[in-house]
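What follows is the residue order along each chain.
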Amino acid sequence: DGGITQSPKYLFRKEGQNVTLSCEQNLNHDAMYWYRQDPGQGLRLIYYSQIVNDFQKGDIAEGYSVSREKKESFPLTVTSAQKNPTAFYLCASSSLGGSSLSGANVLTFGAGSRLTVL
Amino acid sequence: AQSVTQPDIHITVSEGASLELRCNYSYGATPYLFWYVQSPGQGLQLLLKYFSGDTLVQGIKGFEAEFKRSQSSFNLRKPSVHWSDAAEYFCAVGERGAGNMLTFGGGTRLMVKP
């Protein structure tokens, strides 16, 4: 089945450590996104990528880094510079272009990764 | 910049009762509008979307939403709630031509009483 796989589902980190969250999709989508979810704040965009080897900062990119070396993969690294990294992280993907009927502009989400800093 | 407001953080309804979740957006033109549902510890699932045309859109699981341009609203409704509908619901707005970036509301947590 086509979909988005995020791993690990739960991750614990000590302060000062970098951690990398994995996101893989087999939907042949061009665009991929990382969102952060905190209680009562909805989802906030961290980074997005519309094409391989290119990505853009979202609203809360500070303390995070990404790469897009393959179309299927968009890993997120939470660095030690992120002051409050404990959160639920969601990866999403979508097709680009086409018409609304083709599913463009609709995001498909992974099941999420919960990061806790000890 | 666009924004989305979901005024109700928590809503409790009895099973079998009707439901309306409110969503108001701020955007200069006609946006793309979405409702997503999230079960605890899970990702988001698309319930329905509005791109153009008929302002009343039908979604999965018996949900519908109505786009009202004059009120900048896109409220989600269901005539009879089931216990399995208990979840968190997110309204989102997308900007046309902006590469599918969505702005999400803060979410409404729905609890269903037996």
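Residues numbered from 1 in each chain as written. Chains lettered and ligands numbered in written order. Predicted model: local features only at pLDDT ≥ 70, side-chain atom pairs only at ≥ 80, totals over all residues. Heavy atoms only, no water.

Asker: Would you take a moment to explain the overall build of chain A for this structure?
Answerer: Each helix and strand in chain A was counted, giving 0 helices and 11 strands. Its C-alpha atoms give chain A a radius of gyration of 14 Å, within 12% of the compact-globule value 13 Å for 118 residues. Principal axes of the C-alpha set define a box for chain A whose edges measure 45 × 30 × 25 Å. By residue count, 49% of the 118 residues in chain A fall in the buried class. Taken together, the 11 basic and 10 acidic charged side chains of chain A have centroids lying 7 Å from each other. (Helix = DSSP H or I, 4+ residues; strand = E, 2+ residues; numbered from the N terminus. Rg over C-alpha atoms; globule rule 2.2 N^0.38 Å. Buried < 20%, exposed > 50% of the residue type's maximum accessible area, 1.4 Å probe, protein only. Lys, Arg positive; Asp, Glu negative; His and termini not counted. Charge placed at Lys NZ, Arg CZ, Asp CG, Glu CD.)

Asker: Explain a nonpolar patch on the surface here, please?
Answerer: All names here are of chain A. On the surface, Tyr10, Phe12 and Leu118 cluster together into a nonpolar patch covering about 400 Å² of accessible area. One can find tyrosine 10 in strand β2 (residues 10-13). Given a relative accessible area of 54%, tyrosine 10 falls into the exposed group. (Patch = residues over 30% accessible without salt bridge, like charges linked within 9 Å, V, L, I, M, F, W, Y side chains within 5 Å. Areas by Shrake-Rupley, 256 points an atom, 1.4 Å probe, with all protein chains shown as cover. Salt bridge = Lys/Arg side-chain N within 4 Å of Asp/Glu carboxyl O.)

Asker: Looking at this model, I keep getting lost on the state of the cysteines. Mind explaining?
Answerer: Such a bond, covalent and formed between the sulfur atoms of two cysteines, is termed a disulfide. All names here are of chain B. The full count for this structure, using the stated rule, is 2 disulfides over all chains. Disulfide partner of cysteine 23: cysteine 91, at an S-S distance of 1.9 Å. Classification of the bridge connecting cysteine 23 and cysteine 91 rests on its S-S torsion, roughly -65°, and on that basis the disulfide is left-handed. Residue cysteine 23 is located in the loop between β3 (19-21) and β4 (24-26), and its partner cysteine 91 is located in strand β10 (residues 87-94); the two are separated by 68 residues in the primary sequence. (Disulfide = S-S within 2.5 Å.)

Asker: In this structure, what is going on with the pattern of salt bridges? I would like to understand it.
Answerer: Two side chains that carry opposite charge are able to pair once their charged atoms sit near each other. All names here are of chain B. In total, this model carries 8 salt bridges over all chains according to the counting rule given. Two residues, arginine 77 and glutamate 64, come together in a salt bridge whose shortest N-O distance is 3.2 Å. Placement of arginine 77 in strand β9 (residues 73-78) and of glutamate 64 in strand β8 (residues 64-68) is noted, with a sequence separation of 13 residues between them. On the basis of relative accessible area, arginine 77 is assigned to the partly exposed category, the value being 23%.

Asker: It is not clear to me how the packing of aromatic side chains should be interpreted in this structure. Could you clarify?
Answerer: The description of an aromatic ring pair rests on the distance of the ring centres and on the angle between the ring planes. The full count for this structure, using the stated rule, is 14 aromatic pairs over all chains. A centroid spacing of 5.9 Å and a plane angle of 65° characterise the contact between tyrosine 64 of chain A and tyrosine 89 of chain A, whose relative ring orientation is edge-to-face. You can see tyrosine 64 of chain A sitting in strand β7 (residues 64-66) and its partner tyrosine 89 of chain A sitting in strand β9 (residues 87-94), a full 25 residues away along the chain. Judged by relative accessible area, tyrosine 64 of chain A falls into the buried class, the value being 5%. A cation over a ring is seen here: arginine 68 of chain A above phenylalanine 74 of chain A, with NZ or CZ 6.0 Å from the ring centre. Cation over ring: lysine 49 of chain B sits above phenylalanine 51 of chain B, and NZ or CZ is 6.0 Å from the ring centre. (Phe/Tyr/Trp six-rings, centres within 6.5 Å; stacked < 30°, edge-to-face > 60°. Lys NZ or Arg CZ within 6 Å of the ring centre and 35° of its normal.)

In short, geometric facts, not functional conclusions.
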